[in-house]
Amino acid sequence: MSDPAPTCLFCAIVAGAVPAEVVAETPDTLAFRDINPFAPVHVLVIPKRHIASAAEVGPADGDLLAALFTTAKAVADAEGIGGPDRGYRLVANVGPDASNTVFHLHLHVLGGRPMDWPPG
Ligand code: AMP
Ligand code: ZN
């Protein structure tokens with residue numbers, strides 16, 4: 001595992017230095033509730049290893065991405081939004097136009113209400 005980025009909030013959460021409401025953990029991923037939720041279910045799924053954003057993902061990260069999506073599905077199922085009659089949205093913001101504010105790769109798992117498409 002790479003060293004945590006010293007100023008990264010989500011690395012601090014992985015290290016236990018900043019508290020979070022963790023809902024799932026695997027050897028390579030962590031899932032915790034967004035501090036400012038805008039849907040009834042709003043969970044962030046991150047790799048424990050620091051990757052700055054989806055734009056920094058490379059061919060060597062395939063297993064980690066699979067782990068990320070597997071944890072996201074497990075969270076959705078555990079939150080009751082994964083069944084065939086429900087549904088959820090996975091979002092990875094990249095850069096200022098997408099309102100990206102934390103530069104440690106994360107998937108937003110959003111659900112529990114119908115969500116418009118296209119998003120705002
Ligand atoms: P973004 O970088 O735009 O994809 O989103 C970063 C997300 O992190 C936002 O939805 C914030 O509400 C969330 N966030 C910021 N600080 C914390 C924290 N300490 N614990 C949980 N979520 C956080
Ligand atoms: Zn980080």
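Refer to the preceding data block for the structure.
Worth saying up front: this structure is predicted, and the values here are computed from it rather than measured.

Attention shifts here to the pairing of strand E3 (residues 41–47). In terms of burial, E3 is a largely internal element, seven of the seven residues being buried. Residues of E3 alternate between two faces, with Val41, Val43, Val45 and Pro47 on one and His42, Leu44 and Ile46 on the opposite face, all of them buried. Sheet topology places strand E2 (residues 29–33) next to E3; five bridges connect them, and they run antiparallel. Among the inter-strand pairings, Thr29 is bridged to a residue of E3, identified as Pro47.

Moving on, we get to the environment of Leu65. Along the chain, the position of Leu65 falls in helix H2 (residues 62–78). By relative accessible area, Leu65 is classed as partly exposed at 27%. On a C-alpha basis, the gap between Leu65 and Thr29 in space is 9.7 Å, while along the polypeptide they are 36 residues apart. With residues near it in sequence (within four places) discarded, Leu65 still touches Val57 and Leu105.

Turning our eyes to something else, we now look at the pattern of salt bridges. Evaluation of the coordinates by the stated rule reveals five salt bridges. Note that Arg33 and Glu21 form a salt bridge whose closest N and O atoms lie 3.1 Å from each other. Separated by 12 residues along the polypeptide, Arg33 in strand E2 and Glu21 in the loop between helix H1 (9–15) and strand E1 (22–25) bring together distant segments of the chain. Arg33 gets classed as partly exposed once you look at its relative accessible area, which sits at 30%. A salt bridge links Lys48 to Glu25, with the nearest nitrogen and oxygen atoms 2.7 Å apart. Placement of the pair is Lys48 in the loop between E3 and H2 and Glu25 in strand E1, with a sequence separation of 23 residues.

The rules behind each value
- Residues numbered from 1 in each chain as written.
- Chains lettered and ligands numbered in written order.
- Predicted model: local features only at pLDDT ≥ 70, side-chain atom pairs only at ≥ 80, totals over all residues.
- Heavy atoms only, no water.
- Buried < 20%, exposed > 50% of the residue type's maximum accessible area, 1.4 Å probe, protein only.
- Helix = DSSP H or I, 4+ residues; strand = E, 2+ residues; numbered from the N terminus.
- Pairing = 2+ DSSP bridges.
- Contact = heavy atoms within 4.5 Å.
- Salt bridge = Lys/Arg side-chain N within 4 Å of Asp/Glu carboxyl O.

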